[in-house]
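This is what each chain is made of:
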Amino acid sequence: MILSKVGNSIGYFARVDVELQTCNISENNIGIKLSRYDTKLKHTILAYLNSNYGNILILRRRSGNAQPKLNVDDVCYIPIPSFSDDFCSVVSKLIIESDRCIQEATSIYCNSEILLLSALNYQPVVQTQGYSEKSFSASFGATGRLDAEYYQPKYDELFRRLSALPTKRLKSIVNITKSIEPGSEYYGDAGIPFVRVSDVSKDGINTPSIRIPKTTVPSIENLYPKKDTILFSKDGSVGIAYKVEDNMEAVTSSALLHLTVKDAAEMLPDYLTIVLNSPIVQMQAERDASGAIIQHWKPSEIEAVQIPVLDMDIQQEIAEKVQQSFSLRRQSKQLLENAKYAVEMAIEQGEDKAIKWLQEQCDHR
C-alpha cells in the first residue's frame, strides 16, 4: 500500500497492483508492506484505512500549516482493528469485484477508441525524417508562429488525412464557456468543491482537495457544470476531455472550458468526448500548445480544431460502449464505498450486522 505524506492528499491510501510492483516510490509517499501477506486481510485493512475512521486517525497525526506533512513513524501508531477471517473474505470479494469492473471498463473503452479510429480509417501519424519547407508569408503571416515545432511534417500529414474526412470546426459543434479563477486566497477546506485540471482525466473527476466559499461570486450556482457538459482543459495538461454524467454542485477553474453540444442529433456528446481524447485532436493540441514552458491552448485555436463527423449509427455504437464503460466504473466505485461502509459498520455495530447489510446490497443489485 502507498500513502501520500505531504500536501492536501494526505490520508489517501492506494494498493500497488501487480503491474506496478517494479515501480519506485517517491519521497513524498510512504510504502506499507504487511508482515503477514494475506490478500483478504490486505483488502480489509485498505478499506479500513480509506474509511472515515482511518482518515480521521491519519489526519490527526499530520503536522504543519502551509504544507501539511506526515512523519513515517506516525503511521506506526494508527490502530488496526482485528477482523475475523469470514468478514475479511466478504470485504475482499467486494474489492476483487471492483477490480474486475475496472478492468472490463478499461477494455470496453479501449474498444471504443479502436472502433472510432477504424471507422475513420485512421492510422497513427509517425514522425518522418527531414524538414518542412514553409514560406514566411504563407506560414508566419497566416499563423504568427515562428517556433519550428509548429511546422513539423507530422502535422502536415495529420491535416492531409483530415482533409479526406468529413470534418467540422469545433466552434460550429459546441458552445464554449469559461468558469472562474478566484485565486488561492479563496482556497480552503469548506465550501464548494473546486475542480482543477489536475483533478480531471478522461476516466472521471477525482475528489477535489480544494473548496471555495459559496459567496466567491454572485449566483455561483450558474457556474455548476450540467449533465452532458464536456470539461476540456486548455492550460497545463491541455486537451483532456471528460463528459459530466450528472449535474454537479462544483465549480471548475478557468483552465477547464465548458463545451455544450449545440445539436445532439448531429453529434453525440459521448462521441465528441472520445474524439477530443483521440490522437486526432491530441496532435492538434500538441501543435498549437508547443513552444511554451507552460502549455496554454488559446480558446481561438480550440474553436478551430477539426472534428471528424461520422454517421449517427456509428456515433451511437461508440457512445454505447463509452456509456457501458462508465457504468462499470460507477459500479466499481460503489463496491469500494460499500466495503468502506461495511468496515465502519463492523466497528460500530458488529461484523454480523455489516455482513447482513452487504448481503442486502447484493440482493438490490
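(A) Region of interest: the packing of aromatic side chains. Using the criterion set out here, one finds 6 aromatic pairs in the structure. Taking 4.8 Å as the distance between ring centres and 55° as the angle between the ring planes, the aromatic pair formed by Tyr341 and Trp357 counts as tilted. Taken together, the residues span a long stretch of sequence, with Tyr341 in helix 11 (residues 312-349) and Trp357 in helix 12 (residues 351-364) at a distance of 16 residues. An aromatic cluster is defined as three or more aromatic residues linked by ring pairs; in this entry it consists of Tyr109, Tyr242 and Phe326.

(B) Up close: the sheet that holds strand 6 (residues 192-195). Sheet architecture is open: 3 strands sit in the order 9-6-12, paired in mixed fashion. Unpaired on one side and paired on the other, strand 9 (211-212) and strand 12 (251-252) mark the two borders of the sheet. In this structure, strand 6 lies alongside strand 12, joined through 2 bridges in parallel fashion. In the sheet register, Val195 faces strand 12, and the bridge partner there is Thr252.

(C) Expanded view of the pairing of strand 10 (residues 230-233). Where burial is concerned, the two faces of strand 10 agree: the one with Ile230 and Phe232 and the one with Leu231 and Ser233 are both buried. Relative to strand 11 (residues 241-243), strand 10 is paired through 3 bridges, and the arrangement is antiparallel. In the sheet register, Leu231 faces strand 11, and the bridge partner there is Tyr242. Direction of pairing for strand 10 relative to strand 13 (residues 256-261): antiparallel, over a ladder of 4 bridges. Bridge pairing links Phe232 to Leu257 in strand 13.

(D) Geometry of helix 4 (residues 85-119). Between its first and last C-alpha atoms helix 4 spans 51 Å; for 35 residues at 1.5 Å apiece the expected length is 51 Å, and the two agree. Trailing helix 4 by a residue or two, Asn121 shows a phi angle of about 55°, which is positive.

(E) Region of the structure containing helix 1 (residues 39-49). Counting buried residues in helix 1 gives 9 out of 11 residues, a clear majority hidden from the surface. Of all the residues in helix 1, the buried ones are Leu41, Lys42, His43, Thr44, Ile45, Leu46, Ala47, Tyr48 and Leu49. Next to the buried residues of helix 1 lie strand 2 (13-14), helix 2 (52-61), helix 4 and helix 11. The opening residue of helix 1 is Asp38, an N-cap whose side-chain oxygen sits 3.0 Å from the backbone nitrogen of Lys40.

Rules of the game
Residues numbered from 1 in each chain as written. Predicted model: local features only at pLDDT ≥ 70, side-chain atom pairs only at ≥ 80, totals over all residues. Heavy atoms only, no water. Phe/Tyr/Trp six-rings, centres within 6.5 Å; stacked < 30°, edge-to-face > 60°. Helix = DSSP H or I, 4+ residues; strand = E, 2+ residues; numbered from the N terminus. Pairing = 2+ DSSP bridges. Buried < 20%, exposed > 50% of the residue type's maximum accessible area, 1.4 Å probe, protein only. Expected span 1.5 Å × (residues − 1). Contact = heavy atoms within 4.5 Å. Polar contact = N/O pair within 3.5 Å; in protein donor to acceptor, adjacent residues only side chain to side chain.

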